[in-house]
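# Examination of the molecular architecture
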Amino acid sequence: MKFVFKPVLLAVAAAMLAGVVSAADSDAWSHLPAAQRPDPGTPDLTGKWAMPTPIRALKTTDGKEPPLLPAAKAKYTANQAALKANPKSDPSANCWIQGVPRIIYASYPMLIAQDKDRVNLVYETNHTFRIVSLRRPLPKWDDDLDPHWLGYSAGHWDGKTLVIDTIGQHDQTWLDYSGLPHSEKLQVQERYTLDGPDRINGELTLTDPETFSQPWSTRFTLVRQPGYDLKENVCVRDHKM
Amino acid sequence: MRQFLVCVLVVAGMATTVVAQEGTVRKLTPAEQAQLDTDNKGRSTPMTAEQWLARRSGGNQAQRKTWEPTPPPAEPRDFTGLWQLPGGNINLLQENGEGAPFTPEEAKRTQHLIDAEANGAVLTDAASQCFPHGVPRLSFAPYPVRFVYLPGEILMLHEVGHNLRIIHLDRKEAPQDTPQSFLGYSTGRWEGDTLVVETSHFNDKTPLDFHSSHGTRLKVTERFQKQKTSQGYTDLVVRITIDDPEHFTKAFTVVRHWPYRSDMAATLGADGITEYSCEENNRNVETTSDGRVIIK
């Protein structure tokens with residue numbers, strides 16, 4: 001691959017020196033301003049994506065129940081009962097921003113936009129976006145960190161895999177549609193790996209010492225949606241308009 | 001209130017096509033004076049006319065050093081980074097200081113809301129109910145925005161209410177079946193180093209500023225261009241042309257200067273865009289223990 005990229009790089013460098021940019025048009029990152037382009041060879045997840053089989057209830061990679069601690073198991077059972085009695089007991093019925101990883105399973109497409117310093121994940125669901133820095137380290141979790149609905153994220157490349165770590169999320173959100181709870185101590189690791197041009201293999205690892213007896217993982221798949229136009233999708237509870 | 005003589009040092013533009021006025025000295029127009037009086041209501045230290053005009057054109061230049069410790073990308077078409085309008089710019093005053101060319105009906109409607117507010121009414125709008133702000137209302141909000149480039153699209157990620165705008169660069173017009181929406185459907189093109197964005201297919205549920213309304217025939221044309229200030233800082237200048245024959249007698253243009261805010265990139269979380277959950281009221285509205293609402 002390096003032999004393919006080298007002439008392109010030389011052409012881009014020559015073009016920049018000459019103050020011309022058209023030679024860069026064949027570059028995969030030509031839609032980005034020159035200073036914002038990732039290093040050649042960086043996997044390109046940019047595009048529109050959707051989950052072909054949205055996940056309702058999270059299971060481990062082996063298809064088992066997540067390893068809930070007894071108190072969390074009781075909370076999960078209570079959430080399921082409440083949901084059965086009234087679908088609006090799902091916190092997402094309040095239109096609050098859905099946390100990570102649940103926002104990934106929402107029933108609407110998403111887009112990924114990469115540049116040199118960050119990965120932007122934009123979800124059609126209630127126009128929610130995550131701006132994930134590839135340069136800034138994750139803040140340290142302590143009592144001074146104000147919890148956010150989407151927490152605090154930091155990303156990096158592990159070979160060809162995009163890794164995003166997230167901490168500092170509110171504990172009012174559920175991890176899935178079935179009512180799986182979590183605490184503010186939740187740590188989520190998302191791993192995104194291209195599998196051919198039009199498919200992403202995703203893996204999640206959830207660590208939460210107040211909810212789970214041990215870290216556990218599950219998988220998901222995203223499929224490219226060429227030409228899809230993200231729609232304006234608005235969720236407002238009890239509105240008067 | 002007596003009129004102030006104002007000396008405005010207007011931006012000397014970059015060596016491009018920006019129109020720059022040099023050393024403009026003028027009095028506030030009656031419309032501007034009325035807006036200044038409104039903006040000064042409840043302020044312990046009233047703004048002078050000079051301060052007020054400076055805010056409209058990108059903020060106090062002496063402050064800019066702390067806003068822009070590192071400069072923006074050099075490429076003129078590279079809008080990446082954070083931009084933020086200084087507060088208190090939510091009005092439809094034209095660049096020459098004249099008010100908007102309302103139709104008689106819209107003038108009446110607008111005045112009715114201004115009077116109601118003066119008499120203690122609390123006005124709500126789409127944004128205060130957590131709907132998207134509408135355009136150009138969104139462009140008047142004093143919160144940071146980040147531009148994101150995609151093949152054939154540019155996104156604007158606004159902190160306020162996590163408003164998301166999508167500018168389609170790969171289309172000349174909206175598809176035929178495009179529904180009406182709060183933020184409309186935007187197409188864009190580059191004219192030199194200016195990003196020209198045309199937006200239509202709005203619903204009629206958002207105000208243009210705090211008091212004036214629009215219909216579904218509204219068309220908004222925004223021209224975004226980077227421009228150096230007199231002291232060498234960088235603004236994203238936004239020239240917004242509003243065309244709605246049902247509410248205005250002619251198309252008119254308002255201008256905003258969004259200063260570059262490299263200082264904000266150090267904010268924890270989301271690389272400079274702090275989470276803003278209108279749905280949870282986590283930003284603007286707080287209640288006291290006895291239930292009173294405090295507007296920050």
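Residues numbered from 1 in each chain as written. Chains lettered and ligands numbered in written order. Predicted model: local features only at pLDDT ≥ 70, side-chain atom pairs only at ≥ 80, totals over all residues.

### Description of the overall build of chain B
Inclusion rule: Put simply, DSSP H or I for four residues or longer makes a helix, DSSP E for two residues or longer makes a strand, and each gets a number counted from the N terminus. Residues are scored as being in contact if the C-beta atoms we place from backbone atoms lie within 7 Å.
A tally of helices and strands in chain B yields 4 helices and 13 strands. A separation of at least 24 residues holds for 57% of the contacts in chain B among residues at least 6 apart in sequence.

### Notes on the nonpolar core
Note the threshold: In this description, a nonpolar core means buried residues of the types Ala, Val, Leu, Ile, Met, Phe, Trp, Tyr and Cys, linked to one another by C-beta atoms lying within 7 Å. For every residue, the other C-beta atoms within 10 Å of its own C-beta are counted; 20 or more classify it as buried, 12 or fewer as exposed, and values in between as partly exposed. C-beta atoms are placed from the backbone.
V122 of chain A together with V148, L155 and L157 of chain B are the most contacted members of the largest nonpolar core, which has 84 residues in total. In contact with V148 of chain B, not counting residues within four places along its chain, are A113 and N120 of chain A together with I154, L155 and L157 of chain B. Judged by nonpolar contacts, the second largest core, of 6 residues, contains Y76, W174, L175 and L180 of chain A.

### Things to note about the sheet that holds strand β10 (residues 234-243) of chain B
Residue and element names in this part refer to chain B. We apply this condition: Two strands qualify as a pair provided DSSP detects at least 2 bridges between them. To get an axis, a line is fitted to the C-alpha atoms, and for a helix only the part in contact is used. The angle between two axes follows their N-to-C directions and goes from 0 to 180 degrees.
Pairing is mixed in the open sheet, where 9 strands are placed in the order β3-β4-β5-β6-β7-β8-β9-β10-β11. If you trace the sheet from one side to the other, it starts and ends with β3 (82-84) and β11 (252-259), each paired once. With direction set aside, neighbouring strand axes in the sheet form an average angle of 25°. Bridging between strand β7 (residues 185-191) and strand β8 (residues 194-200) involves 7 bridges; their strand directions are antiparallel.

### Considerations on helix α1 (residues 30-40) of chain B
Residue and element names in this part refer to chain B. Applied cut-off: Of all possible arcs, the one meant is that of the directions from the helix axis to the C-beta atoms.
Among all positions in α1, only E32, Q35 and L36 are buried. The buried side chains of α1 occupy one side of the element, clustering within an arc of 100° when seen end-on. Turned more than 90 degrees off the buried face of α1, the exposed positions are P30 and D37. Those residues of α1 that are buried lie in contact with α2 (49-56).

### Notes on the interface of chain B and chain A
Often, the extent of an interface is quoted as the loss of accessible area upon association of its parts. Convention followed: Three categories are distinguished: nonpolar for Ala, Val, Leu, Ile, Met, Phe, Trp, Tyr, Cys and Pro, charged for Asp, Glu, Lys and Arg, and polar for the others, with Gly belonging to the last.
Taken together, the contact pairs 34 residues of chain B with 34 residues of chain A. Among the secondary structure elements, those contributing two or more residues to the side of chain B that touches chain A are β4 (144-150), β5 (153-158) and β6 (164-168) of chain B. When residues of the side of chain B that touches chain A are assigned to their parent elements, the largest contribution, 4 residues, is made by β4 of chain B. When its residues are assigned to classes, the side of chain B that touches chain A shows 18 nonpolar, 7 polar and 9 charged.

### Regarding the pairing of β4 of chain B
Two faces, one strand: in a regular strand the side chains alternate between the faces of the sheet. All names here are of chain B. Where burial is concerned, most of β4 is hidden: 7 out of the 7 residues are buried. Of the two faces of β4, the one lined by P144, R146, V148 and L150 and the one lined by V145, F147 and Y149 are each fully buried. In the sheet, β3 pairs with β4 via 3 bridges, with the strands oriented antiparallel. Opposite L82, over in β4, you have R146 as the bridge partner. Of the pairings in the sheet, the one linking β4 to β5 comprises 6 bridges and is antiparallel in character. Bridge pairing in β5 links R146 to L157. Joining the antiparallel neighbours β4 and β5 is a turn of 2 residues, in which G152 adopts a positive phi near 80°.

### Here we look at the confidence of the model for chain B
All names here are of chain B. What counts here: pLDDT: the predictor's confidence for each residue, scored from 0 to 100.
Summarising the model, chain B shows a mean pLDDT of 85, and 86% of its residues fall at 70 or more. Counted against residues more than four places away or in other chains, residues 284-296, with its pLDDT under 50, gives 9 contacts. Two numbers describe this predicted complex: its pTM, 0.86, and its ipTM, 0.86.

### Regarding the environment of R102 of chain A
Residues and elements named next belong to chain A. Among the structural elements, R102 can be located in helix α3 (residues 102-105). Residue class for R102 comes out buried when judged on the 20 C-beta atoms lying within 10 Å of it. Considered as a pair, R102 and S92 are 10 residues apart in the sequence and their alpha carbons are 9.9 Å apart. Ignoring sequence-local partners within four residues, the contact set of R102 consists of T173, W174, L175 and D176.

### Some points on the environment of W83 of chain B
All names here are of chain B. Mapped onto the secondary structure, W83 falls in strand β3. Along the sequence, W83 and Y260 sit 177 residues apart, while their C-alpha atoms lie 4.6 Å from each other. Ignoring anything within four residues of it in the chain, the contact list for W83 reads P144, V145, L236, W258, P259, Y260 and R261.

### With respect to unusual backbone geometry
The amide bond that connects V100 of chain A to the next residue, P101 of chain A, takes the cis arrangement and shows omega of 15°. Note on placement: P101 of chain A falls in the loop between α2 (70-85) and α3. The step from V135 of chain B to P136 of chain B runs through a cis peptide bond, and the omega angle for that step is 5°. Along the chain, P136 of chain B falls in the loop between α4 (104-118) and β4. In the Ramachandran plot, C95 of chain A falls in the positive-phi region, its phi being about 70° despite a non-glycine side chain. Structurally, C95 of chain A is set in the loop between α2 and α3. Assessed through the 19 C-beta atoms surrounding it within 10 Å, C95 of chain A is described here as partly exposed.

### Let's talk about the environment of P101 of chain B
Residue and element names in this part refer to chain B. With respect to the helices, strands and loops of the structure, P101 is situated in the loop between β3 and α4. Owing to 16 C-beta atoms within 10 Å, P101 belongs among the partly exposed residues under this scheme. A sequence separation of 11 residues divides P101 from I90, and the C-alpha atoms of the two residues are 17 Å apart.

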